[in-house]
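Results of the structural survey
The lines below spell out each chain.
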Amino acid sequence: MRKALVVKKNYNDYMQFMDERTREDMGRLVENLRGKSIAMVNATEFGGGVAEILHSLIPLMQDMGLDIDWWIMHGEKEFFNVTKAFHNCLQGDEACLEQETIDTFFKYSQMNAQKILNWDYDFVVIHDPQPIGLVSWRKAPELSHWVWRCHIDTSAPNPAYWQFLQRYIQQYDAAIFTMKEFVGEGLDIDRLYFITPPIDPLSHKNIPLKKEEAQRIIARFGIDSSRPLITQISRFDPWKDPLGVIEVYKIVRKEFPSVQLALVGSMASDDPEGWDYLYMALRRAGEDYDIKIVTNFNGVSNLEVNAFQTASDIILQKSIKEGFGLTVSEALWKGTPVIGGNTGGIRLQIEDGVTGYLVDTVEECAEKVLTLLRNPALADEMAAAGREKVRKEFLITTNIYRYLMLFNDLMQS
Ligand code: UDP
């Protein structure tokens, strides 16, 4: 385990996103937590939604005067193969839970736990299944509050994996899920909280970019801004359905021969499957040079993701399962219309036909892409409604508020 490095942020800059009453409430809740310390733990510092959130949440909470650290658990390939299998099976894959998988999981939990033996944090928030086992080594349960935060879609999990995980979840004082449908069967825990993940409106990924500037940035990847562009920004992962997105593009191209597709993906250090799916997508794209597949290894960083989200005509997030899908809110915040898979947390962000479209199949997705490409005014209207929804529900300030309420709540328990 090691502490993650974060770049300082200024809480005052975020006051503009809150009303007077919320600002006052936040001040009071922080005051109650004076003298208390908090640790958050996850498996990777870069790549994927959890790292994205913690890079904003941790420095902002520090700047509010809270004593909070972010720890990254140590893992190697064998461990991340196991935890990716956990991720897939918790989202419904049918693989068997082998003893070898359990042994590897236990080995890394125990190895990382050596670091926590002398921890005296008042609150510990463990993100996702990778570090969930640390709870077995918690010191003096009456002196601290441990919370497990689930970011994945566990609405229809593989029962063997869910039961295995449940034995750990029940050692926690509380669990947070993104939505009620994700609470697996039979979970017996005193406190359940429902919190949606947030985007940071002032991060490099989300600050306003002029359209011309965004177009100039993505031109570096061969995008021609005089032609329509559809983009999906995701890890290369079966649940994100990058191959389905290529099929959508092929249908759309029949009516809009000038359309371009960008698949933009980051390779997360805790996602060993990513390379396989990247190569699969490259093979499926073949020699169609209007499909651009780019990653952090081609120079895609936060600003470039921002530019793709700002300059695309449509953003797709055609997931088959999705814990939340930050990319949906990120795009809506920029006023870009989104078509998302009709699943999990995407349903919280897209109200079908109002703030975007929800789709179940490749054909339906292609049809909605065509609808939006033919009706720019409708696309703008939906995107504006989407941006308003994000402003009300999915900004980082709301997320901090929820955590502060949760810690205050636990303190009184
Ligand atoms: N992301 C990125 N670069 C990429 C692809 C994704 O920075 O090339 C970011 C994306 O903008 C979002 C996060 O990674 O902030 C992905 O979060 P999401 O909730 O959509 O999916 P997850 O990867 O957590 O399943």
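Here we summarise the structure given alongside this text. Not measured: the values here are computed from a predicted model.

**Some words on the overall build of the chain**
- Along the backbone of the chain there are 14 helices and 13 strands.
- Whereas a compact globule of 413 residues would reach a radius of gyration of roughly 22 Å, the chain reaches 21 Å, a difference of no more than 12%.
- Along the first, second and third principal axes, the C-alpha atoms of the chain reach 65 × 55 × 35 Å.
- In the chain, of all internal contacts separated by at least 6 residues, the share reaching a separation of at least 24 is 74%.
- Accessible surface computed for the chain: about 17,200 Å², of which carbon and sulfur atoms make up 48%.
- Within the chain, the 58 negative side-chain charges are centred at a point lying 3 Å from the centre of the 44 positive side-chain charges.

**A few points about the packing of helix H1 (residues 20-32) against helix H14 (residues 396-411)**
- At their nearest, the axes of H1 and H14 sit 10 Å apart, and the two run at 40° to each other. Put simply, H1 runs oblique to H14. In this structure, H1 meets H14 at a crossing whose hand is left-handed. Of the residues in H14, those in contact with Thr-22, Asp-25, Met-26, Leu-29, Val-30 and Asn-32 of H1 are Thr-397, Ile-400, Tyr-401, Leu-404, Met-405, Asn-408 and Met-411.
- A breakdown of the residues in the contact of H1 with H14 according to their chemical character gives eight nonpolar, four polar and one charged.

**Some thoughts on unusual backbone geometry**
- A positive phi angle is found at Asp-128, which is not glycine, with a value near 70°.
- Structurally, Asp-128 is set in the loop between strand E4 (123-127) and strand E5 (145-149).
- The backbone of Ala-140 sits at a positive phi, close to 35°, despite the residue not being glycine.
- Looking at where Ala-140 falls in the secondary structure, it is placed in the loop between E4 and E5.
- According to the relative accessible area criterion, Ala-140 is partly exposed, its value standing at 22%.

What counts, and at which threshold
Residues numbered from 1 in each chain as written. Predicted model: local features only at pLDDT ≥ 70, side-chain atom pairs only at ≥ 80, totals over all residues. Heavy atoms only, no water. Helix = DSSP H or I, 4+ residues; strand = E, 2+ residues; numbered from the N terminus. Rg over C-alpha atoms; globule rule 2.2 N^0.38 Å. Contact = heavy atoms within 4.5 Å. Areas by Shrake-Rupley, 256 points an atom, 1.4 Å probe, with all protein chains shown as cover. Lys, Arg positive; Asp, Glu negative; His and termini not counted. Charge placed at Lys NZ, Arg CZ, Asp CG, Glu CD. Axes fitted to C-alpha atoms, helices over the stretch in contact; angles between N-to-C directions. Parallel < 35°, antiparallel > 145°, perpendicular 65-115°, else oblique. Left-handed = near helix turned anticlockwise from the far one by under 90°. Nonpolar A, V, L, I, M, F, W, Y, C, P; charged D, E, K, R; others polar. Buried < 20%, exposed > 50% of the residue type's maximum accessible area, 1.4 Å probe, protein only.

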